[in-house]
Amino acid sequence: MAIRKIRQIGDSVLTKTAKEVTGMSLRTKILIEDMLDTMYEANGVGLAAPQVGVLKRIVVIDVTGEDPHVLINPRIVETSGEQTGNEGCLSVPGKTGVVTRPNYVKVAALDADMKPLELEGTELLARAICHECEHLDGHLYVEKVEGELMDVEDLEDAEDMDDET
Ligand code: NI
C-alpha cells in the first residue's frame, strides 16, 4: 500500500465538512489501507480522511498499535465523564495543548465492509474518537485548547508525545 501526504494546519481541506460514504469501492478500500499505513508510519493513534486530503467521513484509530478500528460515517451516540489532558495532531506537528474531553464515548459507525458497528472507548480511545470525528466536520483540536498551544519539546512530561491524531 502507500503512505499518503498528511495535510498541515493552514490547508483549507482541514476546514471543510467531509461527505458521507454511501458505498464501498476499490478506491475507498485502498484509501483505508493507505490511511492505516500513513497513521502507523507517523506514529499516530488516529487519522481522518481529510488529513490526507480526501473529504470522506472515514477515520482510522489504533491507540495500542495492535487494535485498528475503521469507522465510516461515525456518529457519537453517548458520552460521559470528563478527562483533561494533552492532545496532539499529525496535522499540527510539534505542538500539543490541553483539551477536556468526555472520558467515555460510544460511537456508531460502519466498518470497512459497510456493516454497522458500535465502539465504546474510555481515556485515550475516547479522546481519539472525539478528535477524529471533529476532523470530519472541519475542526482541529487547537480551537479547544485551554491555555497556550505548546511546543512538544517544551513539555516536561513527554509521555503523550506519540498520541498525535
Ligand atoms: Ni488530528
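Residues numbered from 1 in each chain as written. Predicted model: local features only at pLDDT ≥ 70, side-chain atom pairs only at ≥ 80, totals over all residues. Heavy atoms only, no water.

### As for the sheet that holds strand S6 (residues 104-110)
Then comes step 1: The strand order S1-S2-S3-S6-S7 describes an open sheet built from 5 strands, whose pairing is antiparallel. Unpaired on one side and paired on the other, strand S1 (46-48) and strand S7 (116-122) mark the two borders of the sheet. Geometrically, the sheet is characterised by an average inter-axis angle of 35° between neighbouring strands, direction not taken into account.
Then comes step 2: Direction of pairing for strand S2 (residues 58-61) relative to strand S3 (residues 69-80): antiparallel, over a ladder of 4 bridges. The residue bridging Val59 from the neighbouring strand is Leu71, located in S3.
Then comes step 3: Each of S1, S2 and S3 touches helix H1 (residues 26-41); the most contacted strand, S2, lies at about 35° to it.
Then comes step 4: Running at roughly 125° to S7, helix H2 (residues 123-135) makes contact with S1, S2, S3, S6 and S7 of the sheet. (Pairing = 2+ DSSP bridges. Helix = DSSP H or I, 4+ residues; strand = E, 2+ residues; numbered from the N terminus. Axes fitted to C-alpha atoms, helices over the stretch in contact; angles between N-to-C directions. Contact = heavy atoms within 4.5 Å.)

### What about the pairing of strand S5 (residues 95-101)?
Then comes step 1: As paired strands, strand S4 (residues 83-87) and S5 are joined by 5 bridges and run antiparallel to one another. Paired with Gly85 across the two strands is Val99, which belongs to S5.
Then comes step 2: Here 3 bridges tie S5 to strand S8 (residues 146-151), and the two strands are oriented antiparallel to one another. Looking across to S8, one finds that Thr96 is bridged to Met150.

### What about the environment of Ala48?
Then comes step 1: Note on placement: Ala48 falls in strand S1.
Then comes step 2: On the accessibility criterion, Ala48 (0% relative accessible area) is buried.
Then comes step 3: The contacts of Ala48, once residues within four sequence positions are left out, are Met35, Ile58, Val59, Glu132, His135 and Leu136. (Buried < 20%, exposed > 50% of the residue type's maximum accessible area, 1.4 Å probe, protein only.)

### A look at the pattern of salt bridges
Then comes step 1: Under the definition given, this model contains 10 salt bridges.
Then comes step 2: Taking the shortest distance from any N to any O, the salt bridge between Lys106 and Glu78 comes out at 3.6 Å. Remark: Glu78 occurs in strand S3 and Lys106 occurs in strand S6; sequence separation between them is 28 residues.
Then comes step 3: Given the relative accessible area of 18%, Lys106 is considered buried.
Then comes step 4: In this structure, the salt-bridge partner of Lys144 is Glu134, at a minimum N-O distance of 2.9 Å. Pair noted here: Lys144 is in the loop between H2 and S8 and Glu134 is in helix H2, with a separation of 10 residues, a long-range link.
Then comes step 5: A single salt-bridge network, built from bridges that share partners, covers Glu87, Arg101, Arg127, Glu134 and Lys144. (Salt bridge = Lys/Arg side-chain N within 4 Å of Asp/Glu carboxyl O.)

### Considering the nonpolar core
Then comes step 1: Core analysis: the largest hydrophobic core is formed by 17 residues, its most contacted members being Leu31, Met35, Leu47, Ile58, Val60 and Ile72.
Then comes step 2: Breaking this core down by element, the ones donating at least two residues are H1, S2 and S3. (Core = buried A, V, L, I, M, F, W, Y, C linked by side-chain atoms within 4.5 Å.)

### Re unusual backbone geometry
Then comes step 1: With a phi close to 55°, Asn43 is a non-glycine residue in the positive phi region.
Then comes step 2: Positive phi outside glycine occurs at Asn73, with the angle close to 50°.

### Considerations on H1
Since one α-helical turn is 3.6 residues long, residues separated by three or four positions face the same way.
Then comes step 1: The end-to-end C-alpha distance of H1, which contains 16 residues, comes to 22 Å, matching closely the 22 Å that a straight helix rising 1.5 Å per residue would cover.
Then comes step 2: Looking only at H1, the buried set comprises Thr28, Leu31, Ile32, Asp34, Met35, Leu36, Thr38 and Met39.
Then comes step 3: On the buried face of H1, the contacting elements are S1, S2 and S3.
Then comes step 4: Count one or two residues on from H1 and you reach Asn43, which has phi positive near 55°. (Expected span 1.5 Å × (residues − 1).)

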